[in-house]
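Each chain is listed here by its residues.
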Amino acid sequence: MEQFHNEKIEKISDIFAGVKIMVNGLTHPCAPELKNLMAAHGGEFHMYQVSSTTHIIASNLPNVKVSCFMDDYID
């Protein structure tokens, strides 16, 4: 919850506990809205993909990035 300390977001549930997302490109809902949803429901929002990222949210993900992400997780 440290990432949300400057924002006044009421925690509603822990439904996303353990879920750590990174948004790639334009999405619907948009990244700020997803960030708020994660804060309200116990998840984490990453600005960049890190080793602890569990989910990537994207409308379109080029095959090159898919291959790169798969290589990172298959090792």
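Small disclaimer: the values here were computed from a predicted structure and weren't measured.

Criteria and thresholds
Residues numbered from 1 in each chain as written. Predicted model: local features only at pLDDT ≥ 70, side-chain atom pairs only at ≥ 80, totals over all residues. Heavy atoms only, no water. Pairing = 2+ DSSP bridges. Helix = DSSP H or I, 4+ residues; strand = E, 2+ residues; numbered from the N terminus. Axes fitted to C-alpha atoms, helices over the stretch in contact; angles between N-to-C directions. Buried < 20%, exposed > 50% of the residue type's maximum accessible area, 1.4 Å probe, protein only. Right-handed = clockwise from strand over helix to strand, strands pointing away. Contact = heavy atoms within 4.5 Å. Core = buried A, V, L, I, M, F, W, Y, C linked by side-chain atoms within 4.5 Å.

### Description of the sheet that holds strand 1 (residues 20–24)
Through backbone hydrogen bonds, the strands of a sheet pair up, either in parallel or in antiparallel fashion.
So, point 1. Spatially, the three strands line up as an open sheet ordered 2-1-3, and their pairing is parallel. Strands at the two margins of the open sheet, each flanked by one partner only, are strand 2 (44–46) and strand 3 (55–58). Adjacent strand axes in the sheet meet at a mean angle of 35 degrees when their direction is disregarded.
So, point 2. One ladder, built from three bridges, connects strand 1 with strand 2; its direction is parallel. From the neighbouring strand, lysine 20 faces strand 2, where its bridge partner is glutamate 44.

### Details of the pairing of strand 1
So, point 1. Taken across its five residues, strand 1 has four buried, putting it largely inside the fold.
So, point 2. A crossover connection joins strand 1 to the parallel strand 2 through helix 1 (residues 31–40); in handedness this β-α-β unit is right-handed.
So, point 3. For strand 1 and strand 3, the ladder comprises four bridges, and the chain directions are parallel. Looking across to strand 3, one finds that asparagine 24 is bridged to alanine 58.

### Brief notes about the environment of isoleucine 12
So, point 1. Mapping isoleucine 12 onto the fold places it in the segment before strand 1.
So, point 2. Separated by 29 residues in the primary sequence, isoleucine 12 and histidine 41 have C-alpha atoms spaced 5.7 Å apart.
So, point 3. Discounting chain neighbours no more than four positions away, the residues touching isoleucine 12 are Ala40 and His41.

### Structural notes on the nonpolar core
So, point 1. Val19, Ile21, Val23, Leu34, Met38 and Phe45 together form the largest nonpolar core, which totals six residues.
So, point 2. Elements supplying a minimum of two residues to this core: strand 1 and helix 1.
So, point 3. For leucine 34, the contacting residues outside a window of four places in its chain are Ile21, Val23, Thr27, Pro29, Phe45 and Ile57.

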